[in-house]
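Summary of structural features
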Amino acid sequence: MNADTPLAERMRPKTPDEYCGQAHLMGKGAPLRSLIESGRVPSCVLYGPPGVGKTTLVRLIAKTTERNLLEINAVTAKVAELRSLVEEAKRLKAMGGGVSSVAFVDELYHFNSTQQNALLPSVERGDLILIGTTTENPRYEINKTLLSRMVVFDLKPLEADELLPLLRRAMTDRERGLGTLEVHAADDVLSFIAVSSGGDARQALTRLESSASFVAAAGGGVLTEEAVKRTVGSASVRFDRKGDDHYSIISAMIKSIRGSDPDAAVYWLARLLAGGEDIRFICRRILISAAEDIGLADPAAIQVAAAAAYAADMTGLPEARIILSEAVIYLASAPKSNSAYLAVDKAAAEIDGGELQPVPFHLKPDGSGYLYPHDDPRHWLPQQYMETPRRYYYPGDLGYEQHIAARLRKLWRRFSEGK
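Below you will find a few notes about this structure.

1. What about the pairing of strand β3 (residues 101–106)?
Extensive coverage of β3 is indicated by the burial of five of its six residues. Note: strand β2 (residues 69–73) against β3, five bridges, orientation parallel. The partner of L70 across the bridge, within β3, is A103. Note on the crossover from β2 through helix α5 (residues 79–95) to β3: the handedness is right-handed. Direction of pairing for β3 relative to strand β4 (residues 128–134): parallel, over a ladder of six bridges. Across the sheet, residue V105 finds its bridge partner in β4, namely G132.

Below is the structure:
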């Protein structure tokens, strides 16, 4: 293979044993590997982030099962090309004794519904084995009628210890790898590259190739961590502002706040910021968390969140990171209560169920008989505020809400009758 071909392309595995990671699918005895080795592969979708081996796996499937491979990219393909692929698959099946070709559609979700539906008859008849790859969740992005005829295999970001054997092999392989550079690297340096690659094998090999080539060009023979840093800079942060990472990482931050773990919460905040997440989006979620998860256990939480949202918006990055960090740590460290969240949802559920009480006459603008609470020294008077009293709010027993509960028990019998 030409030396100008990127290392990641040169190092694509030739056998299932060379395949890197995805042990839940490709380990010894794992489902997909067993299917491949038996020669029976279903139409399927390989779903996962970039650089985790989707395209490699498709090519490995075709090679191992000795099937023809037809490739098309859904981003650029026209309807005519799609029809040509289907016709070619039929022709090859007829010529090959009934063996179906693998039709590889990269980024399948880019096909519109009409294009996806055009593949249905061929998939149903077995004219081809459709294998689509996608970085977007196929359960939302792919036509349900097509998806019902396919199996979804989820591929995960690669762990550092899964990348390490690949990097070792790339350093020493003289035919496909970097062996001819005569540059050596200790495992701790290769581990540094693996960790800093964000679970992306392509990124790991690209970083290795660039840094090893830099050392060789300078006349050196040993790849060091410092040389890697000088060549490829900071770690690769896996993040897609419009994809699953966007939702997964913000979810992790909110759940860390809810779970009172400030260290985890600020880590996920830093991940969001490193990935270029919109500050206003982060602020909105912090405001929601302050009301939903801290609530009346610490009424100041919503004030802190609101002040942080304003200050971060006015300040901008990089300084806004400090403001957001302060808010996230405060919320994570605060006592928790979801009583306000539960109260309004319980009231809303009753309304949805038909509980539509009329406004008592004395509470209407033109009514009479209303008692003004401030006329009483206690600033409270016993008075009916619903035609049929209901209980929605159940105070928590943490933080400031203890004081709220104590006061309400003095005012209303229903708050003294247990929770």
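After that view, the rundown keeps rolling.
2. Regarding the packing of aromatic side chains
One pass over the structure, following the stated rule, counts four aromatic pairs. Considering the side-chain rings of W380 and W412, the 5.5 Å spacing of their centres and the 85 degrees angle between planes classify their relative orientation as edge-to-face. Taken as a pair, W380 in the loop between α19 (339–352) and α20 (401–411) and W412 in the segment after α20 lie far apart in primary sequence, 32 residues in all. Plain terms: the ring middles of Y385 and W412 are 6.3 Å apart, the flat faces sit at 85 degrees to each other, and that makes the pair edge-to-face. Of this pair, Y385 sits in the loop between α19 and α20 while W412 sits in the segment after α20; the two residues are 27 residues apart in sequence, bridging distant segments of the chain.

3. Considerations on the side chain of R176
With respect to the element layout, R176 can be found in the loop between α10 (160–172) and β6 (184–185). There is a polar contact of 2.9 Å between the side chain of R176 and the backbone oxygen of R12.

4. Topic: the side chain of K336
With respect to the secondary-structure elements, K336 resides in the loop between α18 (320–333) and α19. Buried and unpaired, K336 has no salt bridge, with D293 as the nearest side chain of opposite charge at 8.0 Å. A polar atom in the side chain of K336 sits 2.9 Å from the side chain of S260. At a separation of 2.5 Å, a polar atom in the side chain of K336 contacts the main-chain carbonyl oxygen of A334. Setting aside residues no more than four positions away along its own chain, K336 makes contact with I257, R258, S260, D293, I294, A297, L331 and L398.

5. Observations regarding unusual backbone geometry
Each neighbour pair has its own omega, and for L317 with P318 the value is 10 degrees, a cis peptide bond. Here P318 shows up in the loop between α17 (300–315) and α18. Here the phi dihedral of Q22 falls at roughly 55 degrees; this positive angle occurs in a residue that is not glycine. Despite not being glycine, H379 has its phi angle at roughly 60 degrees, a positive value.

6. Details of α17
The end-to-end C-alpha distance of α17, which contains 16 residues, comes to 22 Å, matching closely the 22 Å that a straight helix rising 1.5 Å per residue would cover. Among all positions in α17, only A301, A305, A308, A309 and A312 are buried. Axial view of α17: buried residues confined to an arc of 100 degrees, hence all on one face. Among the exposed residues of α17, those pointing more than 90 degrees away from its buried face are Q303, Y310 and M314. Contacts from the buried residues of α17 go to α16 (279–294) and α18. Looking one or two residues beyond α17, the residue adopting positive phi is G316, at roughly 75 degrees.

Rules and cut-offs
- Residues numbered from 1 in each chain as written.
- Predicted model: local features only at pLDDT ≥ 70, side-chain atom pairs only at ≥ 80, totals over all residues.
- Heavy atoms only, no water.
- Buried < 20%, exposed > 50% of the residue type's maximum accessible area, 1.4 Å probe, protein only.
- Helix = DSSP H or I, 4+ residues; strand = E, 2+ residues; numbered from the N terminus.
- Pairing = 2+ DSSP bridges.
- Right-handed = clockwise from strand over helix to strand, strands pointing away.
- Phe/Tyr/Trp six-rings, centres within 6.5 Å; stacked < 30°, edge-to-face > 60°.
- Polar contact = N/O pair within 3.5 Å; in protein donor to acceptor, adjacent residues only side chain to side chain.
- Lys, Arg positive; Asp, Glu negative; His and termini not counted.
- Salt bridge = Lys/Arg side-chain N within 4 Å of Asp/Glu carboxyl O.
- Contact = heavy atoms within 4.5 Å.
- Expected span 1.5 Å × (residues − 1).
- Arc of directions from axis to C-beta.

By themselves these figures say nothing about function.
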